[in-house]
Amino acid sequence: MPIHANHVPRLSSVQCLSPSGLHRMAYAEWGDPENPRVLVCVHGLTRCGRDFDAMARAFADDYRVVCPDVVGRGQSDWLRNAAGYVVPQYASDMVTLIARLGVATVDWFGTSMGGLIGMGLAGLPDSPIRNMVLNDVGPHIDASSLVRIGQYVGIPKRFASMDEAVDYLWSISSSFGPHTREEWRTLSEPLLKADGDGYVLRYDPAIGAAFSAVPAEAIAAGEAILWASLAAFPGRTLIVRGEQSDLLSRTTLEQMLAHAQHARAVEIPGVGHAPTFVHDDQIRIARRFFDGYAD
């Protein structure tokens, strides 16, 4: 059976600006490049845009789906100054990307860090974001999850084989929920690159230093900005929570529903941080929301 052209990604990049100079942000694009209905999907802290391959294929007949590798990850450049690995820089890069796409508005699906970027951008005056899904993230991040993430992010790893690398990634990501070995390998391979006779992770280890170096005052200030941004966003928001999440608590979820103008929530059983949206039941949640039938 032939593969439909909409279901094959086109790989491209856009040049972005940071205080330390220019950098290239890679992205995968699916669907009709002339379709004005655009869905931007943004990944978590150490992941990449190819996390969304399954969802992009499901949406590609009706959307132009764009999945960037946030700078420092995947096929994108690494920043010269690790201090640039922060949400304001990422949001600036997304504005550049959306300008490249040539559309006035987009829908947004953000997992974890991708949701923080979406919140930061959505509350700005004249934001291009129309509706957004926040996948297992909110303005307040529980401290226990920060400790867990800090135990592995930025720590150099080298693997003798792809299978060893896939096993390692599962060991730090089993909270994503049940996946077959094939599904997990598909999610893992884009995160790895060959290095001599082995493999290494395809993200800048300096992201770990930037993650651990943020002072408590800056964290509190950033959280306040995100709460205000969420409250200012005039579009519709769907908040997805993994039932066993250690990053988005039910208390924070309830506060988000109270702050946001037009928000609903759904909890996915048997999953922690964060649902991958590679399975049909999860993809249907996003589909119903973006089609105007949020749960």
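Above this note sits the structure.
Described below are features of the structure shown in this document. (Residues numbered from 1 in each chain as written. Predicted model: local features only at pLDDT ≥ 70, side-chain atom pairs only at ≥ 80, totals over all residues. Heavy atoms only, no water.)

## Details of helix 5 (residues 162-171)
- Looking only at helix 5, the buried set comprises Met-162, Ala-165, Val-166, Tyr-168 and Leu-169. Taken around the axis of helix 5, the buried residues stretch over an arc of 160°, which confines them to a single face. (Buried < 20%, exposed > 50% of the residue type's maximum accessible area, 1.4 Å probe, protein only. Helix = DSSP H or I, 4+ residues; strand = E, 2+ residues; numbered from the N terminus. Arc of directions from axis to C-beta.)

## Comments concerning the packing of aromatic side chains
- Scanning the model with the defined rule gives nine aromatic pairs in all.
- With 5.5 Å between their ring centres and 65° between their planes, Phe-59 and Tyr-63 make a pair best called edge-to-face. The same class applies to Phe-59 and to Tyr-63, which are both buried.
- Measuring from ring centre to ring centre gives 5.3 Å for Phe-159 and Tyr-168, while their planes differ by 40°; the resulting arrangement is tilted. Of the two residues, Phe-159 and Tyr-168, both sit in the buried class.
- Put simply, the rings of Phe-59, Tyr-63, Phe-289 and Phe-290 touch in pairs and so form one group of aromatic residues.
- Taking the ring centre of Phe-289 as reference, the NZ or CZ of Arg-236 above it sits at 4.6 Å.
- Over the ring of Phe-59 we find Arg-287, and its NZ or CZ is 4.6 Å from the ring centre. (Phe/Tyr/Trp six-rings, centres within 6.5 Å; stacked < 30°, edge-to-face > 60°. Lys NZ or Arg CZ within 6 Å of the ring centre and 35° of its normal.)

## Section: the sheet that holds strand 3 (residues 38-42)
- Read from one edge to the other, the open sheet built from eight strands follows the order 1-2-4-3-5-6-10-11, with strand pairing classed as mixed. One side of each edge strand has no neighbouring strand; the edge strands of this open sheet are strand 1 (10-18) and strand 11 (263-268). Going from strand to strand, the sheet's axes swing by 20° on average, the running direction of each strand aside.
- By the bridge criterion, four bridges tie strand 3 to strand 5 (residues 106-111) in an arrangement that is parallel. (Pairing = 2+ DSSP bridges. Axes fitted to C-alpha atoms, helices over the stretch in contact; angles between N-to-C directions.)

## Digging into the pairing of strand 1
- As defined by bridge partners, strand 1 adjoins strand 2 (residues 21-30) across nine bridges and the pair is classed as antiparallel. Of the residues in strand 2, the one forming a bridge with Leu-11 is Ala-28.
- Connecting the antiparallel pair strand 1 and strand 2 is a turn made up of two residues.

## Observations regarding the side chain of Ser-18
- Here Ser-18 shows up in strand 1.
- Ser-18 gets classed as buried once you look at its relative accessible area, which sits at 8%.
- Discounting residues that sit within four places of it in the chain, Ser-18 has contacts with His-23, Leu-79 and Gln-89. (Contact = heavy atoms within 4.5 Å.)

## Details of the nonpolar core
- Val-70, Met-94, Leu-97, Trp-108, Ile-117, Ile-129 and Met-132 are the most contacted members of the largest nonpolar core, which totals 61 residues.
- With 25 residues, the next largest nonpolar core counts Ala-60, Cys-67, Ala-286 and Phe-290 among its residues. (Core = buried A, V, L, I, M, F, W, Y, C linked by side-chain atoms within 4.5 Å.)

## Topic: the environment of Ala-220
- As for its placement among the helices and strands, Ala-220 is situated in helix 8 (residues 216-232).
- Among the residues examined, Ala-220 registers a relative accessible area of 45% and is labelled partly exposed.
- Along the backbone, Ala-220 and Pro-139 are 81 residues apart, and their C-alpha atoms lie at a distance of 9.8 Å.

## Quick word on the sheet that holds strand 9 (residues 198-201)
- Taken in spatial order, the three strands make up an open sheet running 7-9-8, and their pairing is antiparallel. With one partner strand each, in any of the chains shown, strand 7 (158-159) and strand 8 (192-195) form the two edges of the open sheet.
- Taken together, the two bridges between strand 7 and strand 9 define a ladder with antiparallel strand orientation. In the sheet register, Arg-158 faces strand 9, and the bridge partner there is Val-200.

## Observations regarding helix 10 (residues 280-290)
- All of the buried residues in helix 10 are Gln-282, Ile-283, Ile-285, Ala-286, Arg-287, Phe-289 and Phe-290.
- Packed against the buried residues of helix 10 are strand 3, helix 1 (53-59), strand 5, strand 6 (129-135), strand 10 (236-242) and strand 11.
- Once helix 10 ends, the next one or two residues include Gly-292, with phi positive near 100°.

## Section: unusual backbone geometry
- Of the consecutive residues His-273 and Ala-274, the connecting peptide bond is found in the cis state with omega at 5°.
- Within the secondary structure layout, Ala-274 lies in the loop between strand 11 and helix 10.
- Residue Asp-126 is not a glycine yet carries a positive backbone phi of 60°.
- With respect to the helices and strands, Asp-126 occurs in the loop between helix 3 (113-122) and strand 6.
- Accessibility expressed as a relative area gives 80% for Asp-126, which makes it exposed.
- For Phe-277, which is not glycine, the phi torsion reads 55° and is therefore positive.
- Relative to the helices and strands, Phe-277 resides in the loop between strand 11 and helix 10.

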